[in-house]
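A look at the structure
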Amino acid sequence: MADPTVLRDDLDLPVPLGPRPPRRVVSLVPSLTEAIAVTAPGLLVGATRWCSHPADLDVARIGGTKNPDVPGVLALAPDLVVANDEENRRPDLEALRAAGVPVWVTDVRTLDDAFRSLDRLLTVACALPRPSWLDEAEEAWRRVVPLPGGPRAVVPIWRRPWMVLGRDTFAGDLLRRLGLRLLHADHAERYPTVPLPRLLLDEPELVVLPDEPYRFTAEDGPESFPGIAAALVSGRHLTWYGPSLVHAPEVLAREIAHPLGRPTGHPFAQDGPGTS
């Protein structure tokens, strides 16, 4: 008979938890840090230096998402480490498993994935009651009314070199639900490198510039797309899956509806996408 304390994460990998619910959790993902800290204050004992929410989070910092301090994590004696398949490096996770630490890995590429994954992480792995904010987030996204015939958009996430959202991404799914038509949604790669001249030749009607992972600003980014409306958006609301999803539809819709340098006749000249 299978051991009832061995669960399986989003990658269908075994997570050998003990007979009791986790009491000491380390998070290697900012959005998961926020999700756990808001749901069960005191459960987290460690997080990365990029874990900025909640603002009053007071836990040990154990390096970055791509270069966590594995000995530092082990020194905290966690009974569970939470990670993400895209955000964290597999060799680091394997080192933690080899040291006997259960590791739960999420795999999120759509909004529906996020809701399912968060529910399993919190209620199954962490043995917590389902939080009310998760219900509020699902309801907020159910109310979204996409803009009919939304603009053709390109979404850079990095420059030097320019990289954009391609196929099969969580952020791309959110923007699609708001009504945007991403020019690289069918690209063979998830985050393709595309030279700026090529981006301009595609004639986007809107460029969406988040403030993470690259911190685009009004002075750094829009100047590369002359004559094209540029929407500066919150990277946390575009790329994090957690409590930020409650307000993400409203925040992103407002930011997209008021781009910089909006030319006459821009699709959002009157109203942007929103919630009913």
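All residue numbers refer to position in the chain's written sequence, counted from 1. Selection of residues for local features in this predicted model requires a pLDDT of at least 70, selection of side-chain atom pairs for listing and counting requires 80 or more, and totals for whole chains, interfaces and linings are taken over all residues. Side-chain numbers come from the whole structure's heavy atoms, not from hydrogens or water.

1. Concerning the overall build of the protein
Our working rule: A run of DSSP states H or I qualifies as a helix once it reaches four residues; a run of E qualifies as a strand once it reaches two. Both are numbered from the N-terminal end. Within these notes, the globule rule equals 2.2 Å times the number of residues to the 0.38 power, and the radius of gyration is based on C-alpha atoms. The cut-offs for exposure are 20% and 50% of the maximum accessible area for each residue type, with area from a 1.4 Å probe on protein chains only; residues under the lower value are buried, those over the upper are exposed, and the others partly exposed. The contact rule is simple, with two residues in contact once any of their heavy atoms fall within 4.5 Å. Only four residue types enter the tally: Lys and Arg on the positive side, Asp and Glu on the negative side; His and the chain ends are excluded. A single reference atom marks each charge: NZ on Lys, CZ on Arg, CG on Asp, CD on Glu.
From N to C terminus, the protein includes 9 helices and 15 strands. Whereas a compact globule of 276 residues would reach a radius of gyration of roughly 19 Å, the protein reaches 20 Å, a difference of no more than 12%. Residues classed as buried in the protein amount to 51% of the 276 residues present. The long-range fraction of contacts in the protein, counting pairs at least 24 apart against all pairs at least 6 apart in sequence, stands at 60%. Taking the average place of the 29 positive charges on the side chains of the protein and the average place of its 37 negative ones, the gap between the two points comes to 1 Å.

2. With respect to the environment of Leu199
By the element assignment, Leu199 lies in helix H7 (residues 196-201). With 166 residues separating them along the chain, Leu199 and Thr33 place their C-alpha atoms 35 Å apart. If we ignore the near neighbours within four places in the chain, the residues touching Leu199 are Val154, Trp162, Val164, His184, Val194, Pro204 and Phe225.

3. Re the pairing of strand S6 (residues 80-84)
Here is the rule we go by: In this scheme, strands are said to pair when DSSP sees at least two bridges between them.
Here S6 lies mainly inside the structure; 5 of its 5 residues are buried. Every second residue of S6 is oriented toward a common face, with Leu80, Val82 and Asn84 on one face and Val81 and Ala83 on the other, all of them buried. Relative to S6, strand S3 (residues 25-27) runs parallel, the two being bridged by 3 bridges. Residue pairing in the sheet places Ser27 in a bridge with Val82 of S6. Note that S6 and strand S7 (residues 103-106) share 4 bridges and pair parallel.

4. Regarding helix H4 (residues 111-125)
Which entries qualify depends on this criterion: How far a helix is expected to stretch is found by multiplying one less than its residue total by 1.5 Å.
For H4, built from 15 residues, the straight-helix expectation of 21 Å at 1.5 Å per residue is met to within 8% by its first-to-last C-alpha distance of 20 Å. Those residues of H4 that fall on the buried side of the exposure criterion are Leu111, Asp113, Ala114, Phe115, Ser117, Leu118, Leu121, Leu122 and Ala125. Summarising the contacts, the buried residues of H4 are in contact with strand S1 (6-8), helix H1 (30-39), S6, S7, helix H5 (132-142) and helix H6 (170-178). Positive phi appears at Ala127, one or two residues downstream of H4, with a value of about 55°.

5. Remarks on helix H9 (residues 248-257)
Burial of H9 is extensive: 7 of the 10 residues sit out of reach of the surface. Among the residues making up H9, those that are buried are Ala248, Pro249, Val251, Leu252, Ala253, Ile256 and Ala257.

6. Let's talk about the side chain of His184
In this structure, His184 sits in the loop between strand S12 (181-182) and H7. Sequence-distant contacts of His184, defined by excluding residues within four places in its chain, comprise Val154, Val164, Leu165, Gly166, Arg167, Val194, Leu199 and Asp202.

7. Section: the sheet that holds S7
As a reminder of what qualifies: Each axis is a line fitted through C-alpha atoms, taken for helices only over the stretch in contact, and angles between the N-to-C directions span 0 to 180 degrees.
Sheet architecture is open: 5 strands sit in the order S5-S4-S3-S6-S7, paired in parallel fashion. Across the chains shown, the open sheet's two edge strands, defined by having one partner strand only, are strand S5 (60-61) and S7. Sheet topology places strand S4 (residues 44-47) next to S5; 2 bridges connect them, and they run parallel. Within S5, the position partnered with Gly46 by the bridge is Ala60. Lying on the sheet, helix H3 (residues 90-98) is in contact with S6 and S7; it crosses S7 at an angle near 155°. Packing of H4 onto the sheet brings it into contact with S6 and S7, and relative to S7 it is tilted by some 160°.

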